[in-house]
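# Structure at a glance
Take a look at the letters that make up each chain.
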Amino acid sequence: MKILIVEDEFIVAAYMKKFLHRNGHEVVAITDDFNSSMDALNLAPELCLVDIRLSKGDSGIEIAHNLRQKNIPFAFVSANNEKDTLLKAKETNPVAFISKPVNESEILELIHELSENSPS
């Protein structure tokens, strides 16, 4: 599966990229802001893993709204637990919400489920 990682923590992004590659998935890009994430959509990701809060003041929720309009599945990967933020994130209808620290098997299971449910 072709995956876009939207994550501003380099160590988290590198870890996800490493285990995704090890499991046969292609990471098309790692981005950490709104504009570079929108540019990376030209690489045709089949799934986006999106952090809710990005360090440059951009919001993963805004990115999610754009992904939803383009019918690109996405999951939030975040340590954020603020009720208002989580409610706003939920309104974007992510395919999953994955808490940090990242659990490799949880992401791989999500990819497996999406692969099984996608039209051939």
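Preceding this section is the structure that the text describes.
These notes cover the structure that comes with them. In this text, all values refer to a predicted model and were calculated from it rather than measured experimentally.

What counts, and at which threshold
- Residues numbered from 1 in each chain as written.
- Predicted model: local features only at pLDDT ≥ 70, side-chain atom pairs only at ≥ 80, totals over all residues.
- Heavy atoms only, no water.
- Helix = DSSP H or I, 4+ residues; strand = E, 2+ residues; numbered from the N terminus.
- Rg over C-alpha atoms; globule rule 2.2 N^0.38 Å.
- Buried < 20%, exposed > 50% of the residue type's maximum accessible area, 1.4 Å probe, protein only.
- Salt bridge = Lys/Arg side-chain N within 4 Å of Asp/Glu carboxyl O.
- Pairing = 2+ DSSP bridges.
- Axes fitted to C-alpha atoms, helices over the stretch in contact; angles between N-to-C directions.
- Contact = heavy atoms within 4.5 Å.
- Right-handed = clockwise from strand over helix to strand, strands pointing away.

## Observations concerning the overall build of the chain
Within the chain, the secondary structure is distributed over five helices and five strands. Of the regular secondary structure in the chain, the N- to C-terminal order runs β-α-β-α-β-α-β-α-β-α. Its C-alpha atoms give the chain a radius of gyration of 13 Å, near enough to 14 Å, the size a compact globule of 120 residues would have. Principal-axis analysis of the C-alpha atoms places the extent of the chain at approximately 35 × 30 × 25 Å. Among the 120 residues that make up the chain, the fraction classed as buried is 43%.

## Digging into the pattern of salt bridges
Summed over the entire model, instances satisfying the criterion amount to seven salt bridges. Here R22 and E104 are joined by a salt bridge, their closest N and O atoms 2.6 Å apart. Taken together, the residues R22 in helix α1 (residues 10-22) and E104 in helix α5 (residues 104-117) connect sequence positions 82 residues apart. Beyond isolated ion pairs, a larger network of salt bridges with shared partners links E7, E9, D51 and K100.

## Details of the environment of P94
Mapped onto the elements, P94 comes out in the loop between α4 (83-90) and β5 (96-99). Judged by its relative accessible area of 24%, P94 falls in the partly exposed class. For the pair P94 and V28, spaced 66 residues apart in sequence, the C-alpha to C-alpha distance is 20 Å.

## Thoughts on the sheet that holds strand β3 (residues 47-50)
With parallel pairing, the five strands of this open sheet are ordered in space as β2-β1-β3-β4-β5. The open sheet terminates on both sides in strands that have one partner only, identified here as β2 (26-31) and β5. For this sheet, the mean inter-axis angle between neighbouring strands, taken without regard to orientation, is 20°. Along the sheet, α5 contacts β1 (2-6), β3, β4 (74-78) and β5; its crossing angle with β5, the most-contacted strand, is approximately 165°.

## Observations regarding the pairing of β3
Here β3 shows a buried face lined by L47 and L49 and a second buried face lined by C48 and V50. Pairing analysis gives three bridges linking β3 to β4, with the strands arranged parallel. By the bridge assignment, V50 is partnered in β4 with F76. One crossover worth recording links β3 to the parallel β4 by way of helix α3 (residues 60-69), and it is right-handed.

## Re the pairing of β5
Sheet faces and side chains relate simply in a regular strand, where the side chains alternate between the two faces. Alternating residues of β5 divide into A96 and I98, all buried, and F97 and S99, none buried. The sheet contact formed by β4 and β5 spans four bridges and is parallel. Across the sheet, residue S78 finds its bridge partner in β5, namely S99. For the handedness criterion, the β-α-β arrangement of β4, α4 and β5 is classed as right-handed.

Purely geometric numbers; function is a separate question.
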